[in-house]
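An overview of the molecular structure
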Amino acid sequence: MNITPDRIDPHLCPLCHQDNRCGNLSSCGSDASCWCRSPDISFPQTLLDRVPEEAKGRACICRSCAANRVK
């Protein structure tokens with residue numbers, strides 16, 4: 001799937017294209033933090049390297065992809 005910068009939805013995971021449930025987007029202006037800050041979640045470099053260049057810094061990886069390390 002080709003993703004262009006103008007078609008990136010910050011609410012969708014750039015790897016599986018499902019809702020990423022980004023707490024930073026849904027709780028703007030509140031003190032709530034995102035699920036990704038949990039000590040149980042990690043984003044190894046190999047997973048981050050799978051994010052298309054156009055989506056880096058623009059859309060968060062979802063909990064499922066982080067937990068399963070997307071094969």
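Read on for an overview of the structure. (Residues numbered from 1 in each chain as written. Predicted model: local features only at pLDDT ≥ 70, side-chain atom pairs only at ≥ 80, totals over all residues. Heavy atoms only, no water.)

Remarks on the layout of surface pockets
The test is simple: Grid spacing is 1 Å over the protein atoms alone, the probe is 1.4 Å, and a cavity is where that probe fits but cannot get out, while a pocket is an open set with protein on both sides within 12 Å along at least five of seven lines and lining residues have an atom within 4 Å of a point. Grid points are joined across faces, edges and corners, and a volume is the space filled by probe spheres set on the points. Here the term charged refers only to Asp, Glu, Lys and Arg, the term nonpolar to Ala, Val, Leu, Ile, Met, Phe, Trp, Tyr, Cys and Pro, and the term polar to all other amino acids, Gly among them.
Taken as a whole, the largest pocket spans an internal volume of roughly 190 Å³. Ala-55, Gly-57, Ala-59, Cys-60 and Ile-61 are, among the 13 residues lining the largest pocket, the residues nearest its centre. In the lining of the largest pocket, the residues fall into 10 nonpolar, 1 polar and 2 charged.

Looking at the packing of aromatic side chains
The test is simple: Here a Phe, Tyr or Trp ring, Trp counted by its six-membered ring, pairs with any other such ring whose centre lies within 6.5 Å, and the pair is stacked when the planes are under 30 degrees apart, edge-to-face when over 60, and tilted otherwise.
In total, this model carries 1 aromatic pair according to the counting rule given. Geometrically, the ring pair formed by Trp-35 and Phe-43 is tilted, given 6.1 Å between the ring centres and 45 degrees between the ring planes.

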